[in-house]
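# Examination of the molecular architecture
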Amino acid sequence: SLLSYPMGEEAMYMLQRLIDAPKRVVGAKQVLRALREGQLQCAYVAIDADPFVTRRVIDACDKAKVPVLETDSMRELGQICGIEVGAAAAGIARN
């Protein structure tokens, strides 16, 4: 299920976890692949991304019992992941 926080301490902590993660996956396809392979700890979706894309990620995460968090924008999620473009989804991979 989607965890939507106001930008409080818990949300900042979860974003910081993504920033600090030793292994990230970026993009919906990579997130879905990591989920299928059982390699995803948690996922992040951008609220301004195409709902068709984010719904697939959210549904797959629900099925796999992997937490999903919302971020404010694709741009923000892309910046956090160190890419020049926006990202609809990202995740923290298991080590």
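Before reading further, recall that the structure is shown in the block above.
Here's what I pulled together on the structure shown here. (Residues numbered from 1 in each chain as written. Predicted model: local features only at pLDDT ≥ 70, side-chain atom pairs only at ≥ 80, totals over all residues. Heavy atoms only, no water.)

With that out of the way, let us pick up the overall build of the protein. Summing up its helical and strand segments, the protein has 4 helices and 5 strands in all. When the helices and strands of the protein are listed from N to C terminus, the series reads β-α-β-α-β-α-β-α-β. Here the C-alpha atoms of the protein give a radius of gyration of 12 Å, agreeing with the 12 Å that 2.2 N^0.38 yields for 95 residues. Dimensions of the protein along its principal axes, counting C-alpha atoms only, are 30 × 30 × 25 Å. Counting every position in the protein, which comprises 95 residues, the buried fraction comes to 40%. A total of about 5600 Å² of accessible surface is found on the protein, and carbon and sulfur atoms cover 51% of it. Mean positive and mean negative side-chain charge positions of the protein (12 and 12 charges, respectively) differ by 11 Å. (Helix = DSSP H or I, 4+ residues; strand = E, 2+ residues; numbered from the N terminus. Rg over C-alpha atoms; globule rule 2.2 N^0.38 Å. Buried < 20%, exposed > 50% of the residue type's maximum accessible area, 1.4 Å probe, protein only. Areas by Shrake-Rupley, 256 points an atom, 1.4 Å probe, with all protein chains shown as cover. Lys, Arg positive; Asp, Glu negative; His and termini not counted. Charge placed at Lys NZ, Arg CZ, Asp CG, Glu CD.)

Let us look at the side chain of T54. You can see T54 is positioned in helix α3 (residues 51–64). For T54, a relative accessible area of 9% corresponds to the buried category. The residues contacting T54, other than those within four sequence positions of it, are V45, A46, A49 and A88. (Contact = heavy atoms within 4.5 Å.)

Across the interface, helix α2 (residues 28–36) lies against α3 with an axial gap of 10 Å and an inter-helix angle of 15 degrees. Taken as axis vectors, α2 and α3 run roughly parallel relative to one another. Pair α2 / α3 crosses with left-handed handedness. Of the residues in α3, those touching α2 at A28, V31, L32 and L35 are V53, R56, V57, A60, C61 and A64. Partitioning the contact of α2 with α3 into residue classes produces 9 nonpolar, no polar and 1 charged. (Axes fitted to C-alpha atoms, helices over the stretch in contact; angles between N-to-C directions. Parallel < 35°, antiparallel > 145°, perpendicular 65-115°, else oblique. Left-handed = near helix turned anticlockwise from the far one by under 90°. Nonpolar A, V, L, I, M, F, W, Y, C, P; charged D, E, K, R; others polar.)

In this section: α3. End to end, α3 covers 19 Å across 14 residues, agreeing with the expected 20 Å (1.5 Å per residue, within 8%). Turning to α3, its buried residues number three or more, namely T54, V57, I58 and C61. Burial along α3 is one-sided: seen end-on, the buried residues are contained in an arc of 95 degrees. Set apart from the buried face of α3 by more than 90 degrees, the exposed residues are F52 and K63. The N-terminus of α3 is capped by D50, whose side-chain oxygen sits 2.8 Å from the backbone nitrogen of F52. Remark: K65 follows α3 within two positions and exhibits a positive phi of approximately 60 degrees. (Expected span 1.5 Å × (residues − 1). Arc of directions from axis to C-beta. Polar contact = N/O pair within 3.5 Å; in protein donor to acceptor, adjacent residues only side chain to side chain.)

Function-wise, these values are silent; they only describe arrangement.
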